[in-house]
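These are the residues of each chain, in order.
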Amino acid sequence: MKHILNKKYAIEDRRSGLILTIPLCLEQTNMDELSVTLDYLLSIPSEKCKARGFTVIVDGRKSQWNVVKTVVVMLQNVVPAEVSLVCVVKPDEFWDKKVTHFCFWKEKDRLGFEVILVSANKLTRYIEPCQLTEDFGGSLTYDHMDWLNKRLVFEKFTKESTSLLDELALINNGSDKGNQEKERSVDLNFLPSVDPETVLQTGHELLSELQQRRFNGSDGGVSWSPMDDELLAQPQVMKLLDSLREQYTRYQEVCRQRSKRTQLEEIQQKVMQVVNWLEGPGSEQLRAQWGIGDSIRASQALQQKHEEIESQHSEWFAVYVELNQQIAALLNAGDEEDLVELKSLQQQLSDVCYRQASQLEFRQNLLQAALEFHGVAQDLSQQLDGLLGMLCVDVAPADGASIQQTLKLLEEKLKSVDVGLQGLREKGQGLLDQISNQASWAYGKDVTIENKENVDHIQGVMEDMQLRKQRCEDMVDVRRLKMLQMVQLFKCEEDAAQAVEWLSELLDALLKTHIRLGDDAQETKVLLEKHRKFVDVAQSTYDYGRQLLQATVVLCQSLRCTSRSSGDTLPRLNRVWKQFTIASEERVHRLEMAIAFHSNAEKILQDCPEEPEAINDEEQFDEIEAVGKSLLDRLTVPVVYPDGTEQYFGSPSDMASTAEHIRDRMKLVSLKRQQLRHPEMVTTES
């Protein structure tokens, strides 16, 4: 009705009763709009106010008489019976008498109220000036647009608050219903059509303005009493505000409970989603992954697949963390009615997540242990392959030192294999222990068959490595024996060669240093005894060399190989020994001749008168002389070896010195012979 009320058809003031002012204008008055306006204005006062009666002012100063008459007649049907007086304000130049022949006072009985024609300046006779606006010479301050705006605010507030109260009551009452059937009859997601906060703020502002002052203010200092509609509006607004606050408080609690219930339902739904996925697809993924692989590459592929499974689980675990935080926040809120349900959800979620996380960790540890086991097995296999390759290659060392080095390397490799096999057993046993615990989280699934395959594979790998290691050990034992025999062979060959060298040195010493024949028989006998001992040493050296060479022959036959050194060592040994024997025999002959020479010479040269017949024997002198000459001749003859080579004892100067000594002895013997033949010569000479 805003566009109708804007035309200012009627204004409601107050006297002891109610005052209804109807200003008419020059333009044609729309009776329908006027009727609607009057109905609206008359609906505002309470029945108590209406009972005090109405005074109607029809301002016809700017209208025509027939319009005024029509309005007055219309009041009979519109204005209630409590109307006591209708004042028609006439213009200064009254209407034509022909027009005003209609007498309102005569129609009082028919109209039901008194109608008077009055000038504006005389209206104060019937109504107090303080209750008349300035248009009628009164002092009442009134702003129609301000009243209209406030009225619109009031009615908008009344309409919105009433509608909001109904909606809030519907929501609150629906939330208070206990059984589920009634709860389903109300949409819990239903929201008020307007914002309760906005309506409450509007109501508070309206009430504050109604309580403080008139619509337009009182700047002119004229006393002002509030209009009746304002007085009526204040308790109505206060009542609506109280009701709104009560229902809104309940609504907030309902919203809080609804939000909590919605949040709880969402949490429960998400918890079940997490639980269902972990116990469903998540567990199926783990059940399908039971193998450990048969190699490093296979185990790595299984680890990669497990990482993909972990990645999928991590998304759900993130949801679990978020849900756990939300549940903890709700538990801290302290709503006892939801504590049991929340704790149950939290416990269920935690149990499932921790169990699934334990399974993932167990599977990851199992695959890591399998990867380490296969890694150790591969390293051990490579070590065994290297050892076997080394054993399959025939040994062709250059000397005993290289054999010792090869044997040391072989022992180191075998020791490394022992360590690797021990490590494989430890890894395998640890892996078997982990597999034996797998049944504890199999969700009732029989994993005996799958575990048996894994166990058989692990035990098969360890047994295979044990057999390969045993074969290698057997081969190492054979190779070790062979290499030790080869070391012994090289040692025998080296020692035999050394014996040849020693024998050569003895021969060289015999020829170069064993040259003296002694100055007398006794000394020569000592030299002969030393020579025989010297020969014994040479004989021992020769025998030692022969034994070593015989041992090399036996070792070569055992090793099924030909010696590289014994073939020329034996001829060399025999050749040197033959040379030594020839030289030694020559030395013996010379010493024996020297003994015979010195012995006979010493017998003759000694003064032995008891045996003159012996000394005078010419044959002895001839024998001594013959032996001496033979000895001298022998000193000049070289030692001739079987190969035709010649070798002299000592140097020429050494031989000359020895020969000179023999000649001197021969001269003495010759002089002795002459003395025996011619004694007088000896006396004369004396």
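Analysis parameters
Residues numbered from 1 in each chain as written. Predicted model: local features only at pLDDT ≥ 70, side-chain atom pairs only at ≥ 80, totals over all residues. Heavy atoms only, no water. UniProt positions renumbered as here; feature names shortened; annotations may be inferred. Phe/Tyr/Trp six-rings, centres within 6.5 Å; stacked < 30°, edge-to-face > 60°. Helix = DSSP H or I, 4+ residues; strand = E, 2+ residues; numbered from the N terminus. Buried < 20%, exposed > 50% of the residue type's maximum accessible area, 1.4 Å probe, protein only. Axes fitted to C-alpha atoms, helices over the stretch in contact; angles between N-to-C directions. Parallel < 35°, antiparallel > 145°, perpendicular 65-115°, else oblique. Left-handed = near helix turned anticlockwise from the far one by under 90°. Contact = heavy atoms within 4.5 Å. Nonpolar A, V, L, I, M, F, W, Y, C, P; charged D, E, K, R; others polar. Core = buried A, V, L, I, M, F, W, Y, C linked by side-chain atoms within 4.5 Å. Domains from an automatic or database assignment. Disulfide = S-S within 2.5 Å. Salt bridge = Lys/Arg side-chain N within 4 Å of Asp/Glu carboxyl O. Expected span 1.5 Å × (residues − 1).

- Under an unreviewed UniProt entry, the name given to the protein is SEC14 domain and spectrin repeat-containing protein 1, and the organism recorded is Aotus nancymaae.
- UniProt annotates the protein under Subunit (unreviewed entry) with the comment "Interacts (via the spectrin 1 repeat) with TRPC4 and TRPC5 (via CIRB domain). Interacts with CTNNB1."
- The heading Sequence similarities (unreviewed entry) in the UniProt record of the protein holds the text "Belongs to the SOLO family."

### Focus: the packing of aromatic side chains
- This model, assessed by the stated rule, comprises six aromatic pairs.
- Judged by centre distance (5.7 Å) and plane angle (40°), the ring pair of Phe-534 and Phe-580 falls under tilted. Of this pair, Phe-534 sits in helix α14 (residues 521-559) while Phe-580 sits in helix α15 (residues 566-605), and the two are 46 residues apart along the sequence.
- The class of Phe-580 is buried, set by a relative accessible area of 0%.
- When the centroid spacing of 4.7 Å and the interplanar angle of 10° are considered together, the rings of Tyr-542 and Trp-577 count as stacked. Residue Tyr-542 is located in helix α14, and its partner Trp-577 is located in helix α15; the two are separated by 35 residues in the primary sequence.
- On the basis of relative accessibility, which here comes to 12%, the residue Tyr-542 falls in the buried class.

### Examining the packing of helix α2 (residues 31-42) against helix α4 (residues 65-78)
- At a minimum axis separation of 11 Å, α2 and α4 run at an interaxial angle of 40°. As summarised for this structure, α2 and α4 are arranged oblique, according to the angle between their axes. Seen from above, α2 lies across α4 with right-handed handedness. Packed against α2, whose contacting residues are Met-31, Leu-34, Ser-35, Leu-38, Asp-39 and Leu-42, the element α4 presents Val-67, Thr-70, Val-71, Met-74, Leu-75 and Val-78 at the interface.
- Of the residues belonging to the contact of α2 with α4, the class tally is nine nonpolar, two polar and one charged.

### So, the nonpolar core
- Counting residues in hydrophobic clusters, the biggest one holds 82 residues, and the most contacted among them are Leu-431 and Phe-580.
- The set of elements that each furnish at least two residues to this core consists of α11 (336-392), α12 (400-436), α13 (448-512), α14, α15, α17 (618-636) and α18 (652-677).
- Ranked by residue count, the leading element in this core is α13, at 19 residues.
- Two domains each provide a minimum of three residues to this core, namely domain 2 (287-483) and domain 3 (514-677).
- Excluding its chain neighbours within four sequence positions, the residues that come into contact with Leu-431 are Ile-292, Leu-366, Ala-369, Ala-370, Phe-373 and Ile-458.
- By size, the runner-up hydrophobic cluster in this structure holds 32 residues, among which are Leu-42, Phe-54, Val-71 and Val-78.

### Regarding the state of the cysteines
- Tallied over the entire structure, the rule returns zero disulfides.
- Of all cysteine sulfurs, the one in Cys-392 lies closest to Cys-472, which takes part in no disulfide; the gap is 8.4 Å.

### Quick word on the pattern of salt bridges
- Going through the model one piece at a time under the given rule, you end up with 20 salt bridges.
- Across the pair Arg-480 and Glu-411 runs a salt bridge, and its minimum N-O distance is 2.5 Å. Of the two residues, Arg-480 sits in helix α13 while Glu-411 sits in helix α12, which places them 69 residues apart along the sequence.
- We classify Glu-411 as partly exposed; its relative accessible area is 30%.
- Between Asp-477 and Arg-480 there is a salt bridge whose closest N-O contact spans 2.7 Å. Highlighted residues: Asp-477 and Arg-480, both in helix α13, separated by three residues, approximately one helical turn.
- Put simply, Glu-411, Asp-477 and Arg-480 are held in one network by salt bridges that share partners.

### A word on the environment of Ser-193
- Along the chain, Ser-193 turns up in the loop between α7 (180-185) and α8 (196-212).
- We classify Ser-193 as exposed; its relative accessible area is 55%.
- In contact with Ser-193, not counting residues within four places along its chain, are Ser-163 and Glu-167.

### Some remarks on helix α10 (residues 296-333)
- Taking 1.5 Å of rise per residue, the 38 residues of α10 would be expected to cover 56 Å, and the 53 Å separating its terminal C-alpha atoms lies within 8% of that figure.
- Within the span of α10, buried status applies to Ser-299, Leu-302, Gln-303, His-306, Ile-309, His-313, Phe-317, Tyr-320, Leu-323, Ile-327, Leu-330 and Leu-331.

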